[in-house]
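# A closer look at the structure
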Amino acid sequence: MRGRELSRSFYEHLVAPLVDGVPHSAALLGDGSEVLGFDDDVSTDYDFGARLTLFLPQSVDPSPVHEALDALPESFKGFPVERRLVEVVSAPAYFTERIGVDPADGMSLADWLLAPTQRLATLVEGPVFQDRAQLLEGRRAALRWYPPDVWRYVLAAGWLRIAREEAFVGRTGMLGDALGSTVASARVARDLMRLAFLVERRWAPYGKWLGTAFARLPVAPRVAPHLHAALHARAWRAREAALNAAAGALAAATNRLGLAEEVDPAPRQFHARDIQVLDAARLTNALVARIADPEVRALVERLGPRHDGAVGRLPGAVDQAVDSAEILMDPPSCRALAPVLGL
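Residues numbered from 1 in each chain as written. Predicted model: local features only at pLDDT ≥ 70, side-chain atom pairs only at ≥ 80, totals over all residues. Heavy atoms only, no water.

As annotated in an unreviewed UniProt entry, the protein chain carries the name DUF4037 domain-containing protein and is attributed to Streptomyces chengmaiensis.

## A short note on the side chain of Thr254
Heads up, the condition is: Under the scheme used here, helices are H or I runs from DSSP no shorter than 4 residues and strands are E runs no shorter than 2 residues, and both carry numbers assigned from the N terminus. For every residue, the accessible area (1.4 Å probe, protein chains only) is compared with the maximum for its type, and the residue is labelled buried under 20%, exposed over 50%, or partly exposed between those bounds. Only heavy atoms enter the contact rule, under which two residues are in contact if any of them lie within 4.5 Å.
As for its placement among the helices and strands, Thr254 is situated in helix H12 (residues 236-256). Judged by its relative accessible area of 6%, Thr254 falls in the buried class. Sequence-distant contacts of Thr254, that is, excluding residues within four places in its chain, are made with Trp159, Val199 and Leu283.

## Brief notes about the nonpolar core
Soluble globular proteins: nonpolar side chains tend toward being buried together. The test is simple: Among buried residues, those of type Ala, Val, Leu, Ile, Met, Phe, Trp, Tyr and Cys that are joined through side-chain atoms within 4.5 Å constitute a nonpolar core.
In terms of nonpolar packing, the biggest core is built from 91 residues, with Tyr146, Tyr153, Trp159, Leu192 and Phe214 touching the most fellow members. With residues near it in sequence (within four places) discarded, Tyr146 still touches Trp112, Thr117, Trp151, Val154, Leu198, Trp203 and Ala317. In terms of nonpolar packing, the next biggest core, distinct from the first, is built from 23 residues, Val19, Ala26, Val35 and Leu54 among them.

## Examining the pairing of strand S2 (residues 52-56)
The condition that has to hold: Paired strands, in this sense, are two strands between which DSSP finds at least two bridges.
Within S2, five of the five residues are buried, which leaves the element mostly enclosed by the surrounding structure. Judged by which residues are buried, S2 turns out to be covered on both faces: Leu52, Leu54 and Leu56 on one side and Thr53 and Phe55 on the other are all buried. Alignment of strand S1 (residues 25-27) against S2, held across three bridges, turns out to be antiparallel. The partner of Ala27 across the bridge, within S2, is Thr53. Where S2 lies against strand S5 (residues 86-90), five bridges are found, and the strand directions are parallel. Paired with Leu54 across the strands is Val88, a residue of S5.

Now the structure itself:
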């Protein structure tokens, strides 16, 4: 039985009758592969069981609920039932613990940029079993996607990551460094995959499920074959051509969003060198040029241009600037990075 199905059945058959009459909402959110529907047989070998979160209004005393839940059996449909896996919490406390803010109070620019996309995915896409207390719908709606100019900014930062490294595939290849060229290719491929989520307005999960979730995106059939070709190529020229095709497909998809002036998605020569790139900074510049929100505009201006005068010092959102799970899984650590992001 998949985790979502197990948790729903667990709630409907065992938990709901025990808390009948108590205002609450119930959902499967937070950590765990089953929250996003990525669990399989292997997932059941570690901390897997009947679990969910009960959300109570802040005015409701949780003590009677805890006492009622003590009557739960030790197992359900062959899976263990552990009281620690049935969390009882208020919605403001839960969301604040996960992303450092209660979205019911509104999301500032800093709140958006300091919230890792994996955390946002689990809060928005985890299944809700009951929300008659109306504790979840509004909060999840508030986290559905970035405001338009925050979206432009994060997209611009994503394309800037490509711009910083797109020439490395060819430069290392010219030196005969096959391993370095392959690693550079893989780094660019990963950034292109994350850009695909931004284009499709979907929160990207963390590394283990990035490829699985990417394959489900509408844009994936136009990008994935080129990424496969790039990562399996034995010659750097083939690697370069495949990555440029993937980047071009995503550039065209970015154009279709209507967020900025269109950019030619064809590759071009990198300065005077015998290297072909998308020249991804063109998309960064086009997106930034359309940012009108005063707070986002002020952030861009505060970060300042690169030494060559082009738009550029854009660290983006926290998981564009940082790749450490020790930070991204800890909201206080994320929020402590506000100065790094220019906030």
